[in-house]
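Structural description and commentary
The residues making up each chain are set out below.
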Amino acid sequence: MAKIFIYPSTSLILSDMVERFGHEALGAAIPIRERVQTPGLDSPPLQMTPEDPKKGLKYAAVEVPSGVRGRMALLGPLIEEAEAAIIISEADLAFGCMGCARTNELVKFLVRQRKDIPVLDIRYPSNEDEGLVFVTAIKEFLENIPKKKGDGKK
């Protein structure tokens, strides 16, 4: 099972597709759930620790808006952990809204800079025929990602 960074990182559809092909989807849901469910993290609605903005500084300069640094505190470590990535460009809001244009640009830039991992960069479909090509491309990409030894799979 490989760790696949997904963009948009809130896409449940893309996350499900990755998991159906035997990989682990790295998206925003898990780190957000950890923050919401962690006892002692009492700063609603932010759900951030004082360390989170400092972590974000690793990925975004102090001059960028604080929201970008906060988001990067969540997404940056996922990008580093990824063994492959899928970027869906021009995705419909219903496919997974990211909500911050500057963070989106930075996330895509950082993923594309990773030369050590395979990246599928594909445009969101606008009709049924493109949808079939879209799903097929994701399927083929995920099937060609090597699975680690001990997974019981190739």
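You'll find the structure just up there.
Heads up: these notes are all about the structure in this document. The shown structure was predicted, so the numbers you read here are calculated from the model rather than taken from an experiment.

This brings us to the overall build of the protein. In terms of helices and strands, the protein carries 6 helices and 4 strands. Listed by position from the N terminus, the elements making up the protein come as β-α-β-α-α-α-β-α-β-α. Counting over 154 residues, the protein shows a buried share of 42%. Across the protein, contacts joining residues at least 24 apart in sequence account for 64% of those joining residues at least 6 apart. Counting every atom, the protein has about 9100 Å² of accessible surface; 57% of that belongs to carbon and sulfur.

Residues L120 and I122 point to one face of strand β4 (residues 119–123) and are all buried, whereas V119, D121 and R123, pointing to the other face, are not buried. Of the pairings in the sheet, the one linking strand β3 (residues 84–89) to β4 comprises 5 bridges and is parallel in character. Counterpart to I88 in the pairing with β4 is I122.

To continue, consider the layout of surface pockets. Its volume calculated, the second largest pocket comes out at about 170 Å³. If you trace the second largest pocket, you find 14 residues lining it, with L12, S15, G27, A29 and I30 closest to the centre. Where the lining of the second largest pocket is concerned, the elements lending two or more residues are α1 (12–20) and α2 (29–37). Top contributing element to the lining of the second largest pocket by residue count: α1, with 4 residues.

To continue, consider helix α6 (residues 128–143). With 16 residues, α6 should cover 22 Å at 1.5 Å per step; its first-to-last C-alpha distance of 22 Å lies within 8% of that length. G131, F134, A137, I138, F141 and L142 are the residues of α6 that are buried. Projected down its long axis, α6 carries its buried residues within an arc of 130 degrees, all on one side. For α6, the exposed residues set more than 90 degrees away from the buried face come down to E128, D129, L132 and V133. Summarising the contacts, the buried residues of α6 are in contact with β1 (3–7), α1, β3 and β4. Two or three places before D129, at the opening of α6, N127 has a side-chain oxygen 3.1 Å from that residue's backbone nitrogen.

Here the focus is the packing of aromatic side chains. This model, assessed by the stated rule, comprises 1 aromatic pair. The interplanar angle of 70 degrees and the centroid separation of 5.9 Å between the aromatic rings of Y124 and F134 together place this pair among those described as edge-to-face. Of the two residues, Y124 is situated in the loop between β4 and α6 and F134 in helix α6; the sequence distance between them amounts to 10 residues. By relative accessible area, which is 23% here, Y124 ends up partly exposed.

In this section: the nonpolar core. Most often, soluble globular proteins have nonpolar side chains that are buried together. F5, V68, M72, I79, V107 and V111 are the most contacted members of the largest nonpolar core, which has 19 residues in total. For M72, the residues in contact, after removing those within four places along its chain, are G56, Y59, P77, I79, T103, L106, V107 and L110. In this structure, V18, A25, A137 and I145 belong to the second largest nonpolar core, which totals 18 residues.

Here is what the cut-offs are and how they apply
In every chain, residue numbers begin from 1 and rise along the written sequence. Since the coordinates come from a predicted model, pLDDT governs what is reported: local features require at least 70, and pairs of side-chain atoms require 80 or more to be given and counted, while whole-chain, interface and lining totals use all residues. Only hydrogens and water are removed before side-chain values are computed, so all heavy atoms of the structure are retained for them. Going along the chain from the N terminus, every DSSP run of H or I of four or more residues is numbered as a helix, and every run of E of two or more is numbered as a strand. Throughout this description, buried means an accessible area under 20% of the type-specific maximum (1.4 Å probe, protein chains only), exposed means over 50%, and partly exposed covers the range between. Between two residues, a contact is recorded if the distance between any of their heavy atoms is within 4.5 Å. With residues, only the protein chains shown are counted as cover, and all accessible areas are computed by Shrake-Rupley using a 1.4 Å probe. Pairing between strands is defined by DSSP: at least two bridges between the two strands are required. Buried and open spaces are told apart on a 1 Å grid over the protein atoms alone, a cavity being a set of points where a 1.4 Å probe fits but cannot get out and a pocket being an open set with protein on both sides within 12 Å along at least five of seven lines. Residues with an atom within 4 Å of a point are the lining residues. Grid points are joined across faces, edges and corners, and a volume is the space filled by probe spheres set on the points. A helix is expected to span 1.5 Å for every residue after the first. The directions from the helix axis to the C-beta atoms form the arc being described. The definition of a polar contact used here is a pair of N or O atoms within 3.5 Å, where within protein one atom must be able to donate a hydrogen and the other to accept one, and adjacent residues in sequence count solely through side-chain atom pairs. Think of it this way: a Phe, Tyr or Trp ring, Trp meaning its six-membered ring, pairs with another when their centres are within 6.5 Å, and the plane angle makes it stacked under 30 degrees, edge-to-face over 60, tilted otherwise. Nine residue types can take part in a nonpolar core, namely buried Ala, Val, Leu, Ile, Met, Phe, Trp, Tyr and Cys, and a core is a set of them joined through side-chain atoms within 4.5 Å.

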